[in-house]
Amino acid sequence: MSERFGGPTGLRGKLTQWLSGRPPKEAAGDDGRETLLIAAADAGLPLAPAAHPAGYRCSCDRVGCPTPARHPVSFAWQTQSTTDRAQIERWARHQPQANFITATGMVHDVLDVPLDAGREALERLLAAGIDVGPVAESDDGRLLFFTLTRGTPEDEDEWWPCELDCHPETMDEHPGLRWHCRGSYVLVPPARLPGDNQSVHWVRGPEHELPDPLSVLEVLTDSCSRYVNDESSDASWPLRR
């Protein structure tokens, strides 16, 4: 993988150009999207097609879709998710508008936090020299930290499914940290959200190795705790006056 991402003409160079607003030549049209999806798959993130924006609505047929452009198109997304390059290329070319999700709990988990708390935590982690893996920013106000999965323990009682944290469909009810593990998914960049120029994009690309989640969890939970407390204080301020 290091050879694939190394050098100014490798995927690392392409990703750097993309993230800095200077897409590589291959990024013209759909090729840039495909390059980034393949880079995510090459890093071990299993992908499956997802819905996409249709104006301010979702491309699915569901009336009042609760997560427009943020959900898989197939109920079999967990078994459908793959890192197979040929399959992802076929999906990307046959469904040129589709977003893609990555299924968590197989290879990786995602620690999903409010944007302000996540930015503060990212600064603290990097300043402390702690390894941080891929990080994506969602323009709906979230920062996504990609980590290794907790793995499948021998004793299933030691495993908690993602439902104990939140369902993807009810994530708005959980303003703090969401731990996406088995049974969950997140959008993988590049993805488009409903609205004007709303997207999910990499802050740190998939060339960064996935860290152990426990190495970043303490800083993330501390930042989220202070974020939620600050939000609560702001909300109660008119009452205290």
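On a predicted model such as this, the values are computed, not experimentally measured, just so you know.

Relative to the helices and strands, R90 is located in helix 5 (residues 85–94). With relative accessibility at 40%, the residue R90 sits in the partly exposed group. For the pair R90 and E34, spaced 56 residues apart in the sequence, the C-alpha separation amounts to 9.9 Å.

Looking now at unusual backbone geometry. Put simply, P189 and P190 share a cis peptide bond, and its omega is -5 degrees. By the secondary structure assignment, P190 is in the loop between strand 9 (185–187) and strand 10 (191–193). In the Ramachandran plot, N197 falls in the positive-phi region, its phi being about 55 degrees despite a non-glycine side chain. Checked against the element boundaries, N197 lands in the loop between strand 10 and strand 11 (198–204). By relative accessible area, which is 75% here, N197 ends up exposed.

So, about the sheet that holds strand 11. Strand order in the open sheet formed by six strands is 8-5-7-6-11-10, and the pairing between neighbours is antiparallel. A strand with exactly one partner marks an edge of an open sheet, and here the two such strands are strand 8 (178–180) and strand 10. Geometrically, the sheet is characterised by an average inter-axis angle of 25 degrees between neighbouring strands, direction not taken into account. Looking at chain direction, strand 5 (residues 108–114) and strand 7 (residues 142–148) are connected through seven bridges and run antiparallel. The residue bridging V113 from the neighbouring strand is L143, located in strand 7. Each of strand 5, strand 6 (135–138), strand 7 and strand 11 touches helix 6 (residues 115–127); the most contacted strand, strand 7, lies at about 45 degrees to it.

Now for helix 5. Count 3.6 residues to each turn of an α-helix, and residues three or four apart come out pointing the same way. Every buried residue of helix 5 is accounted for by I88, E89, W91 and A92. Here the buried residues of helix 5 occupy an arc of 165 degrees about the axis, which is enough to place them on one side. Exposed residues on helix 5 whose side chains face more than 90 degrees from its buried face are R93 and H94.

Time to look at the nonpolar core. Formed by 28 residues in total, the largest nonpolar core has its most connected members in L47, F146 and V188. Every element with two or more residues in this core is listed here: helix 3 (31–42), strand 1 (47–50), helix 5, strand 4 (99–103), strand 7, strand 9, strand 10 and strand 11. The dominant element in this core, judged by the number of residues it contributes, is helix 3, at four residues. Sequence-distant contacts of V188, that is, excluding residues within four places in its chain, are made with L37, A40, L45, L47, F100, I101, T102 and W202. Of all hydrophobic cores here, the second largest spans 18 residues; its members include L111, V113, A121 and V132.

Quick look at the pattern of salt bridges now. Within this structure, the stated rule accounts for ten salt bridges. Here E34 ties to R93 by a salt bridge, and the two come within 2.7 Å at their closest N and O atoms. Residue E34 is found in helix 3, and its partner R93 is found in helix 5; the two are separated by 59 residues along the sequence. For E137, the salt bridge identified is with R119, shortest N-O distance 3.1 Å. With E137 in strand 6 and R119 in helix 6, the pair connects residues that are 18 residues apart, well separated along the chain. Since its relative accessible area comes to 13%, E137 is described here as buried. R119 gets classed as partly exposed once you look at its relative accessible area, which sits at 40%. Salt bridges here are not isolated pairs; linked through shared partners, they connect E120, R124, D222 and R226.

About the cut-offs
The residue numbering used here restarts from 1 in each chain and proceeds along that chain's sequence as written. In view of the model being predicted, local features appear only for residues whose pLDDT reaches at least 70, and side-chain atom pairs are presented and counted only at 80 or more, with totals across whole chains, interfaces and linings using the full set of residues. As a rule here, side-chain values cover all heavy atoms of the structure and leave hydrogens and water aside. Only DSSP runs of H or I covering at least 4 residues are called helices, and only runs of E covering at least 2 are called strands; the numbering of each starts at the N terminus. Each residue gets one of three labels from its accessible area relative to the maximum for its type: buried under 20%, exposed over 50%, partly exposed in between, using a 1.4 Å probe on protein chains only. Here, strands pair whenever DSSP counts at least two bridges between them. Axis angles are defined between N-to-C directions and span 0 to 180 degrees, where every axis is a line fitted to C-alpha atoms and, for a helix, only to the segment in contact. Should any heavy atoms of two residues lie within 4.5 Å, those residues are considered in contact. The directions considered for the arc are those from the helix axis to the C-beta atoms. Grouping buried Ala, Val, Leu, Ile, Met, Phe, Trp, Tyr and Cys residues that are joined through side-chain atoms within 4.5 Å yields what is termed a nonpolar core. By salt bridge we mean one thing: a side-chain nitrogen of Lys or Arg within 4 Å of a carboxyl oxygen of Asp or Glu.

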